[in-house]
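Each chain, letter by letter, is given below.
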Amino acid sequence: MADLHWKRIVVKVGSALIAPHKQGCSSHYLLGIAQFIANCRANGCEVVLVSSGSVAAGWHRFNGIDTPSVSVKKAMAAAGQADMMATWDKLFDFPTAQLLVTHGDLRNRERYISIKNTIFSLLEHGLLPIINENDAVTTDKLKVGDNDNLSAMVAAAADADALIICSDVKGLYTKNPNIHDDAKLIKQVSDINDNIYSMAGGATSDVGTGGMRTKIEAAEKAISHGIETVIVNGFDGDTFTQLLKGQNPGTLFTPFEHPMQEHLHWMTHTSQAQGELIVENDFDGNLDQHTPLTSDDVVAVTGNFSVGDTVLVRKGDGTKLAKARSNYSSCLLNFIAEQEDRDFANDVQQKTGAIISDKNIAILE
Ligand SMILES: Nc1ncnc2c1ncn2[C@@H]1O[C@H](COP(=O)(O)OP(=O)(O)O)[C@@H](O)[C@H]1O
Ligand SMILES: N[C@@H](CCC(=O)OP(=O)(O)O)C(=O)O
């Protein structure tokens, strides 16, 4: 890391920093982070904040509940979100803006572009976007589920240079430091492999989601987009002094020298394939060269996807050909495939158009 050379960063703040004892929000740990954000902005670096903490902030409103059900957690999020925003807002002398998103929004290309445009518009006008998952309304099928992965998706959408994940530990240790006294901090990771994942355990607090595992997943998403990623201890004020000096106070994940193309990154790491189109092993069409894929090429369809969802196109032998946006639902594709009358099947395709659109395809090497 050289000195503060970033032009745009995403800062992700975990629940324990916002409502440390589940007794409502506290600005105690947020002051240092807010000062860091203000300093970055003063140095010409735009900042997007991904803030957890709505559940933790709303917890004390539900007297006596130690182990809330999913629906009570959603209610806690609804109760705590405004409080969390107000706590942040008080700490800045520039305006903030709230964006609540779900995976259902991010995996839809039009809505993703809309979110991206809103972020850019806010930054252009000097506001600080504060983003969280819309926990109160989302469902299992439509949620990201943790703000580490969400922050990496936001960092990709915002085209950030760096993602800073502020947690309650200094970074990635060889094992969970809250359980093992002999755990050692890893200062730099240049290859996220199974060994790195095997070190990362889950969360030990009841408001944290995902623990270190989701932070590694986030780092993997971000570095493949060319985004430098650092996990740091948000409790320690010195963390931010070091970051401003361009030093690494935690664990640094080095970005890919050759990031993935934007579309492929979105399809792989944000939208994620909701199903598969399996083609013949001898399929030799050029999917990105306007060679339309027809239902005659497709031997099987897996998963349950809707129009506009991302699918993986692969051969029966497992060779991955492309990720693409499907213009057909899995239901319609299965219906067409089952038709013995091929003229009818072709007629449906003539009227509906190509199964996958050549504008929304990422060829896999
Ligand atoms: N190898 C590891 N290194 C560091 N922390 C780990 C590791 N494995 C598991 N953890 C746990 O991950 C926690 C941080 O994740 P989490 O509780 O989700 O925090 P946050 O709210 O900041 O997202 C740590 O407090 C620790 O208990
Ligand atoms: N969206 C949730 C936070 C989910 C989450 O990932 O929490 P954390 O592990 O503390 O970053 C909330 O606002 O409570």
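Residues numbered from 1 in each chain as written. Chains lettered and ligands numbered in written order. Predicted model: local features only at pLDDT ≥ 70, side-chain atom pairs only at ≥ 80, totals over all residues. Heavy atoms only, no water.

Side note on the sheet that holds strand E10 (residues 298–303)
We apply this condition: Two strands pair if DSSP finds at least two bridges between them. Runs of E in the DSSP output that reach at least two residues are strands. Runs of H or I that reach at least four are helices, and both are numbered from the N terminus. Structural elements are reduced to axes, namely lines fitted to C-alpha atoms, with helices fitted over the stretch in contact, and the angle between N-to-C directions of any two is expressed from 0 to 180 degrees. Two residues qualify as a contact provided that any one of their heavy atoms is within 4.5 Å of a heavy atom in the partner residue.
Read from one edge to the other, the open sheet built from five strands follows the order E10-E9-E11-E12-E13, with strand pairing classed as mixed. Each having just a single partner strand, E10 and strand E13 (356–363) make up the two edges of the open sheet. When strand polarity is set aside, the average angle formed by the axes of neighbouring strands in this sheet is 25 degrees. Against the sheet, helix H12 (residues 330–338) engages strand E9 (275–279), E10 and strand E12 (320–326), with an angle of about 150 degrees to E10.

Details of the side chain of Lys 221
For the record, the criterion: A 1.4 Å probe rolled over the protein chains alone gives each residue an accessible area, and that area as a share of the maximum for its type sets the label: buried under 20%, exposed over 50%, partly exposed in between. In this charge count, Lys and Arg are treated as positive and Asp and Glu as negative; neither His nor the chain ends contribute. Definition used for salt bridges: Asp or Glu carboxyl oxygen within 4 Å of a side-chain nitrogen of Lys or Arg. In protein, a polar contact requires one atom able to donate a hydrogen and another able to accept it; more generally it is a pair of N or O atoms within 3.5 Å, and residues adjacent in sequence count only if both atoms are side-chain atoms.
Summarising the element assignment, Lys 221 is placed in helix H9 (residues 211–223). Buried within the structure, Lys 221 lacks any salt-bridge partner; Glu 217 is the closest side chain of opposite charge, at an N-O distance of 5.4 Å. Within the structure, the side chain of Lys 221 is placed 2.7 Å from the side chain of Asn 149, a separation counted as a polar contact.

Re the site of ligand 2
Under the convention used in this document: Nearness of a residue to a molecule or strand requires only that one of the residue's heavy atoms be within 4 Å of it. Exposure was quantified through the Shrake-Rupley algorithm and a 1.4 Å probe, taking into account, for residues, occlusion by the shown protein chains and nothing else. We call Asp, Glu, Lys and Arg charged. Ala, Val, Leu, Ile, Met, Phe, Trp, Tyr, Cys and Pro are nonpolar, and the rest, Gly among them, are polar.
Close contacts around ligand 2 come from 13 residues, with Lys 12, Ser 15, Ser 52, Asp 135 and Thr 209 the closest. Between ligand 2 and the protein, one listed contact pairs an oxygen atom with a backbone N or O atom of Val 55 at 3.0 Å. In the environment of ligand 2, an oxygen atom lies 2.7 Å from a nitrogen or oxygen atom belonging to the backbone of Thr 209. In the complex, the protein chains occlude 94% of the 380 Å² of accessible area that ligand 2 would expose alone. Among the residues making up the shell around ligand 2, the classes are represented as one nonpolar, nine polar and three charged.

Describing the environment of Cys 40
Relative to the helices and strands, Cys 40 is located in helix H2 (residues 30–42). Look at Cys 40 and you get buried, because its relative accessible area is 0%. Distance in space between the C-alpha atoms of Cys 40 and Leu 264 is 30 Å, their sequence separation being 224 residues. Here Cys 40 is in contact with Leu 4, Ile 9, Cys 45, Val 47 and Leu 244, once residues within four sequence places are set aside.

A short note on the nonpolar core
Note on soluble globular proteins: their nonpolar side chains tend to be buried together. Heads up, the rule is: Put simply, a nonpolar core is a bunch of buried Ala, Val, Leu, Ile, Met, Phe, Trp, Tyr and Cys residues held in one set by side-chain atoms that sit within 4.5 Å of each other.
Residues Leu 172 and Ile 192 are the most contacted members of the largest nonpolar core, which totals 51 residues. When contributions to this core are tallied by element, the ones reaching two or more residues are strand E2 (46–51), strand E3 (96–101), helix H6 (109–124), helix H7 (147–157), strand E5 (162–167), helix H8 (194–199), H9 and helix H11 (262–271). No other element matches H7, which puts seven residues into this core. Setting aside anything within four residues of it in sequence, one finds Leu 172 in contact with Lys 184, Leu 185, Ile 186, Val 189, Ile 196, Met 199, Ala 200, Met 212, Ile 216 and Thr 251. Of all hydrophobic cores here, the second largest spans 30 residues; its members include Trp 6, Leu 17, Phe 36 and Leu 252.

Quick look at the domain arrangement of the protein chain
You'll often see interface size given as the accessible area lost when the parts meet. Using the following cut-off: Delimitation of the domains relies on an automatic or database domain assignment.
What the domain assignment lists for the protein chain is domain 1 (8–265) and domain 2 (273–356). Spacing between the C-alpha centres of domain 1 and domain 2 amounts to 37 Å.

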